[in-house]
Amino acid sequence: MSATVAETSSNVTVDKNTRETLVALVGNPNCGKSTLFNILTGLKQKVANYPGVTVEKREGVCFSQHGEKLRLIDLPGAYSLNARSPDEAVVRDVLLGRRLDTPRPDVVVLVTDASNLERNLYLTTQVLELGLPAILVLNMMDVAEAKEWRIDLALLSARLGVPVIPMQATAGKGIIELKAAMSRKLEAHPLRHPPIPAEIYAALDSVRQELVGTGALHNIGGLLEPLYLISDHDPEHYGIEDAHLSRITAGHDALEKQFPGWEDVLVAARYEFIEQLLLGVLRRPEREESTLTDKLDAVLLHPFLGWVCLIGFLGLVFYSIFSLAEGPMGWIETGQGMISEWVESKMPEGDLRDLLVNGVIAGVGGVVIFLPQILILFFFIGLMEDTGYMSRVAFIVDRFMSKVGLNGRSFVPFLSSYACAVPGIMATRTIASVKDRLITILIVPLASCSARVPVYLLLISTLVPSATVPTGIKVLIMLFMYALGTFGAFGFAWLFNRTLMKGQSALMVLEMPSYKRPSVKSTLHYMLERARIFLRRAGTVILGLSILLWAAMTYPKSEGDESSQLAHSLAGKAGHVIEPIIKPLGFDWKIGIGLIASFAAREVFVSTMGIIYAVENSDDDITPLREHMRAEQWPDGKPVYTPLVCVSLMVFFVFAMQCLSTVAVVKRETNGWKWPLFQIGYMTGAAYLMSLLVYQGGTLLGF
Amino acid sequence: MRHNLNRIGVYSFVIICEQPFAFMPVITSLSDLAIGMTAVIQDMPTGHDAYLTRLRELGLVPGTKVRLVRRAPLGDPIEISVRGSRLAMRCSEAKHIKILPE
């Protein structure tokens, strides 16, 4: 397999005088690229989304040895320029200069995991062929040394034609050398020929001719751009306009017809090239030595001990979330109360004050109250990712999760959602497969979160006269609701797997990185970043919707006490309007108001019903409220809260989407309103149907 | 008569087949490799299924040595060592990779 002469593919020269040097960090996932980025930029980073996808764009600034300002961009982790996901499509497009929002980098820093060198060089050699000035960083040298690997850096540098810098980013080793290398004037190194057989190379040229005229190519002159475009297997084909897609597919099919299996031939050729490259450069011991990672895995992945450690660790995590968050959440509530009182005392009574106190302050409080749980959960997730333990968790539970069509990586987000779905959904970011991630996001709100508990407690105590029935029954009913939610989640996961994003097979190939000592600084930074993103993105939506809902419950104003005020407001009228719809479920218009109000947040149901029945302090003591509810009657005298209605209402709460915060976070994580609206639709639909089933079925059976 | 010929045919078949099995290692699936054993990849299914080319790009091409490190506590997925890296994959995926144990 000989390579022909490669055509030069150097892009148009960029006028460096008008802007700063743009340095891009490129590498596999888990190679420590982000740690390096954090070190180089300090906390001076900007995180945004690439337009239209949930791919994060991370930019920052760093200063060279001479004080020159360098713009740094951390490209998403990728295994190859043959894109299989929007993340990889972004990497390809930025490096080929195809993106309007990001100019082609001036320098590329290729970050590799020295202890996984062969595989890392796959992407590295692809990028080097693009002809950009480059520096090769061999990170995690300590792990390679622990495996007793010996790497001849000088020889590697000579063969590749780029500076090679050994590094251990977490210990800060090699950073200075990297900065020095980045400061030097780097030249575009001599192009190396891609390891492609001559015949295929020629065929590629005719594909290029085809595409040049259509404008699908930005980088005219090189064969690499058309090559990577026709090898794009991202189901979304991100970065390729629909208009060009058919021609690109045609180009691919033409090549396939001529050389069946050509893509696989190319992959094999590249690995052969890498093996030749590393001959004499990389010396490995014959037998793989048992490293610290192996010793730890012997315990942590042991058939029995592995489970013990997993359950123990997860128990610790969730116990921390529940107990450690209590205190701060209480402070936030108190703080909110204090601020509200202060505003009330300082301002004259009126609509503006009402808006401020009950709309804005309550809304902001409703957002901030999530912070303790988010911070704690992401501290632990950051720790798990940093050390490498997260892969082990996914490895252990994957078999169980795959039975319902989920991924092992869905486990932690799903479990977290039993506390609160908001951080749970944010945690799905670690799921690489787009389809798996979406399905996980869609179903985790079915895990009965802690906000449902006050509702269950209220309805169970209304339904069950405490005197005659043992508490065991109450516990059983509660557990039944939890089980219902869990099975609902699994059921929908199974259903969505069959119906949504059909044709995309979720790949469960997981990298098992070596264990690393976690960097506390990195973890804290990660934690704070997630919190910051939540406040900015989800927070604004939650606040906005809270104010709208408050307005619906306050206006139009009318005379009378709070109860009639609520009844005559927009929300109250809406309650009347939907009564015919919810009557088959056994609910009246007052419950209707409760449901509308709790669309914001489930626990609001209790206080709303308190207002409707004009009961004081219903949040603190539900006994008076319970008595009122038991006494409630329909116009014809029949009791409203029969046991059947209580069960029907609880079942409704199990399934319905009643959380603005969740909607906001889903919108952020899926980059649009399509999926949150779909989620509201399917969950509320399921809630209605299940409630209907329970009530009508129960009535038929004579309850 | 035909019955006896059939019997002879069956016996011959058994004798011919038994010999090679005693001396030749058999091509099997990666999912069936024993723990700790090494093998060489013989064949990967062709096609552009979302994961197949990705597996190749991760280093699993014909001619590559792989070693089965462990199976998960529930039996699935499996962890393999290839080109100095560790990968985990489901048996349903590994089943399609044909290997020759050493």
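Scroll up a little and you will see the structure.
Heads up: these notes are all about the structure in this document. Everything numeric in this text was worked out from a predicted model, so none of it was measured. (Residues numbered from 1 in each chain as written. Chains lettered and ligands numbered in written order. Predicted model: local features only at pLDDT ≥ 70, side-chain atom pairs only at ≥ 80, totals over all residues. Heavy atoms only, no water.)

A count of helices and strands for chain A gives 29 helices and ten strands. At 30 Å, chain A has a C-alpha radius of gyration in line with the 27 Å of a compact globule built from 703 residues. Principal-axis analysis of the C-alpha atoms gives chain A an extent of 90 × 55 × 55 Å. Among the 703 residues that make up chain A, the fraction classed as buried is 55%. (Helix = DSSP H or I, 4+ residues; strand = E, 2+ residues; numbered from the N terminus. Rg over C-alpha atoms; globule rule 2.2 N^0.38 Å. Buried < 20%, exposed > 50% of the residue type's maximum accessible area, 1.4 Å probe, protein only.)

Let us now look at the overall build of chain B. The helix and strand inventory of chain B stands at three helices and six strands. Of the regular secondary structure in chain B, the N- to C-terminal order runs α-β-β-α-β-β-β-α-β. Counting all 102 residues of chain B, 45% fall into the buried class. Within chain B, contacts between residues separated by at least 24 positions form 57% of all contacts whose residues are at least 6 apart in sequence. Accessible area for chain B stands at about 5300 Å²; split by element, carbon and sulfur atoms hold 63% of it. (Contact = heavy atoms within 4.5 Å. Areas by Shrake-Rupley, 256 points an atom, 1.4 Å probe, with all protein chains shown as cover.)

With that settled, the discussion passes to empty space enclosed by the protein. All names here are of chain A. Within the structure shown, the criterion is met by five cavities of 30 Å³ or more. Considering only enclosed or pocket space, the largest cavity measures out at about 120 Å³ in volume. N82, Y122, Q126, L266 and R270 are, among the 13 residues lining the largest cavity, the residues nearest its centre. Of all the elements in the fold, those that place two or more residues in the lining of the largest cavity are α3 (117–128), α8 (224–230) and α10 (262–278). Considering each element in turn, the lining of the largest cavity owes the most residues, four residues, to α10. A per-class count over the lining of the largest cavity returns seven nonpolar, four polar and two charged. (1 Å grid on protein atoms, 1.4 Å probe; cavity = no way out; pocket = protein on both sides within 12 Å on 5 of 7 lines; lining within 4 Å. Points joined across faces, edges and corners; volume = space filled by probe spheres on them. Nonpolar A, V, L, I, M, F, W, Y, C, P; charged D, E, K, R; others polar.)

Residues and elements named next belong to chain A. Pairing is mixed across the open sheet formed by seven strands, whose spatial order is β2-β3-β4-β1-β5-β6-β8. With partners counted over all chains shown, the strands left at the sheet margins are β2 (45–49) and β8 (164–166), one partner each. Strand-to-strand, the axes of this sheet are offset by a mean angle of 25°, without reference to chain direction. Helix α21 (residues 520–554) rests against β2 and β3 (56–63) of the sheet, and its axis sits at about 50° to β2. (Pairing = 2+ DSSP bridges. Axes fitted to C-alpha atoms, helices over the stretch in contact; angles between N-to-C directions.)

So, on to the interface of chain A and chain B. Counting residues at the interface gives 46 residues for chain A and 35 residues for chain B. Summing the contributions of chain A and of chain B, the shared interface buries around 3600 Å²; its carbon and sulfur component is 54%. Taken as a group, A:R84, A:D264 and A:F395 account for 18% of the area that chain A buries against chain B, more than any other trio of residues on that side. Counting across the interface, chain A meets chain B through eight salt bridges. Between B:R70 and A:D297 there is a salt bridge, with its nearest N and O atoms 3.8 Å apart. In this assembly, chain A and chain B are joined by 18 residue pairs in polar contact (both at pLDDT 80 or more). Elements supplying a minimum of two residues to the side of chain A that touches chain B: α3, α9 (242–258), α10, α11 (292–300), α15 (389–403) and β10 (509–511) of chain A. Of the residues belonging to the side of chain A that touches chain B, the class tally is 20 nonpolar, ten polar and 16 charged. By the bridge criterion, three bridges tie β10(A) to strand β5 (residues 85–89) of chain B in an arrangement that is antiparallel. (Buried area = accessible area lost by both parts, 1.4 Å probe. Salt bridge = Lys/Arg side-chain N within 4 Å of Asp/Glu carboxyl O. Polar contact = N/O pair within 3.5 Å; in protein donor to acceptor, adjacent residues only side chain to side chain.)

All names here are of chain A. Together, V299, F304, L305 and V308 make up a nonpolar patch on the protein surface, roughly 350 Å² of accessible area in all. Mapped onto the elements of the fold, V299 is located in helix α11. In this structure V299 comes out as partly exposed when scored by relative accessible area, which is 37%. (Patch = residues over 30% accessible without salt bridge, like charges linked within 9 Å, V, L, I, M, F, W, Y side chains within 5 Å.)

What follows deals with helix α5 (residues 153–160) of chain A. The backbone nitrogen of A:A154 lies 3.4 Å from a side-chain oxygen of the residue at the head of α5(A), namely A:D152. At the C-terminal side of α5(A), A:G161 shows a positive phi close to 80°.

Residues in a regular strand point their side chains to alternate faces of the sheet. Residue and element names in this part refer to chain B. Across two bridges, strand β1 (residues 28–29) lies against strand β6 (residues 98–101) in antiparallel orientation. In the sheet register, T28 faces β6, and the bridge partner there is I99. Sheet topology places strand β2 (residues 38–43) next to β6; four bridges connect them, and they run antiparallel. Its bridge partner lying in β6, I41 is registered against I99.

Turning to helix α2 (residues 86–95) of chain A, a few remarks are in order. Counted residue by residue, α2(A) has nine buried out of ten residues, so it is predominantly covered. Tucked into the core, α2(A) has its buried residues touching β1 (21–27), β5 (107–113), α3, α8 and α18 (434–443) of chain A together with α2 (52–57) of chain B. Of the residues trailing α2(A), A:G97 is marked for its positive phi of about 70°.

Below, the discussion takes up the packing of helix α19 (residues 452–463) of chain A against helix α27 (residues 643–655) of chain A. All names here are of chain A. Interhelical geometry of α19 versus α27 gives an angle of 170° and a closest axis separation of 9 Å. Relative to α27, α19 is oriented roughly antiparallel. Side by side, α19 and α27 meet where R452, V455, Y456, L459, I460, T462 and L463 of the first sit next to P643, C646, V647, L649, M650, F653 and V654 of the second. Taken together, the residues of the contact of α19 with α27 sort by class into twelve nonpolar, one polar and one charged. (Parallel < 35°, antiparallel > 145°, perpendicular 65-115°, else oblique.)

With that settled, the discussion passes to the pairing of β5(A). Residue and element names in this part refer to chain A. In terms of burial, β5 is a largely internal element, seven of the seven residues being buried. The two faces of β5 match: V107, V109, V111 and D113 on one face and V108, L110 and T112 on the other face are all buried. Of the strand pairs in this sheet, β5 and strand β6 (residues 134–139) are connected by six bridges, and their pairing is parallel. Across the sheet, V111 pairs through a bridge with V137, a residue of β6.

Glancing now at the nonpolar core. Within soluble globular proteins, side chains that are nonpolar generally end up buried alongside one another. Residues and elements named next belong to chain A. Core analysis: the biggest nonpolar cluster contains 116 residues, and I443, F534, F587, Y641 and L649 have the highest contact counts within it. Those residues within four positions of Y641 in sequence are excluded, and the remaining contacts are T462, I591, M609, Y613, M629, E632, C646 and L649. Counting 69 residues, the second largest nonpolar core, distinct from the first, contains M141, I196, A203 and I248. (Core = buried A, V, L, I, M, F, W, Y, C linked by side-chain atoms within 4.5 Å.)

A few words now on unusual backbone geometry. Geometrically, the link from B:D76 to B:P77 is a cis peptide bond, its omega value of 0° lying close to zero. With respect to the element layout, B:P77 can be found in the loop between β3 (65–71) and β4 (78–82). Even without being a glycine, A:N671 presents a positive backbone phi close to 60°. Among the structural elements, A:N671 can be located in the loop between α28 (660–670) and α29 (674–700). Taking relative accessible area as the criterion, A:N671 reaches 33% and is therefore assigned partly exposed.

Our next topic: the sheet that holds β5(B). Strand order in this open sheet of seven strands is β10(A)-β5(B)-β4(B)-β3(B)-β2(B)-β6(B)-β1(B), and the pairing throughout is antiparallel. Two strands bound the open sheet, and with one partner strand each, they are β10 of chain A together with β1 of chain B. Sitting on the sheet, α15(A) touches β10 of chain A together with β3, β4 and β5 of chain B, and the angle it makes with β10(A) is about 150°.

Residue and element names in this part refer to chain A. Locating M426 in the fold gives a position in helix α17 (residues 421–426). Separated by 239 residues in sequence, M426 and V665 place their C-alpha atoms 7.2 Å apart. Those residues in contact with M426, other than ones at most four positions away along the chain, are I374, F378, R530, F534, V665 and E669.

Below, the discussion takes up the packing of aromatic side chains. Remark: the centre distance and the inter-plane angle together describe each pair of aromatic rings, the angle taken between the planes. All names here are of chain A. According to the stated counting rule, one finds 18 aromatic pairs over all chains in the structure shown. Ring centres of F400 and F490 lie 6.4 Å apart, and the angle between their planes is 90°; on these two criteria the pair is classed as edge-to-face. Linking F400 in helix α15 with F490 in helix α20 (residues 471–499), this pair joins segments that are 90 residues apart in sequence. The exposure class assigned to F490 is buried, which follows from its relative accessible area of 15%. Centroid distance W675 to F678: 5.5 Å. Interplanar angle 90°. Geometry classified as edge-to-face. Within this pair, W675 and its partner F678 are both found in helix α29, separated by three residues, close to a single helical turn. For W675, a relative accessible area of 16% translates into the label buried. A residue is classified by how much of its surface remains accessible, and F678, at 30% relative accessible area, is partly exposed. Clustering of aromatic rings is evident, with ring pairs tying together F400, F414, Y418, Y456, Y482 and F490. Sitting above the plane of the Y122 ring, R270 keeps its charged end 5.8 Å from the centroid. (Phe/Tyr/Trp six-rings, centres within 6.5 Å; stacked < 30°, edge-to-face > 60°. Lys NZ or Arg CZ within 6 Å of the ring centre and 35° of its normal.)

Structural measurements only, silent on function.
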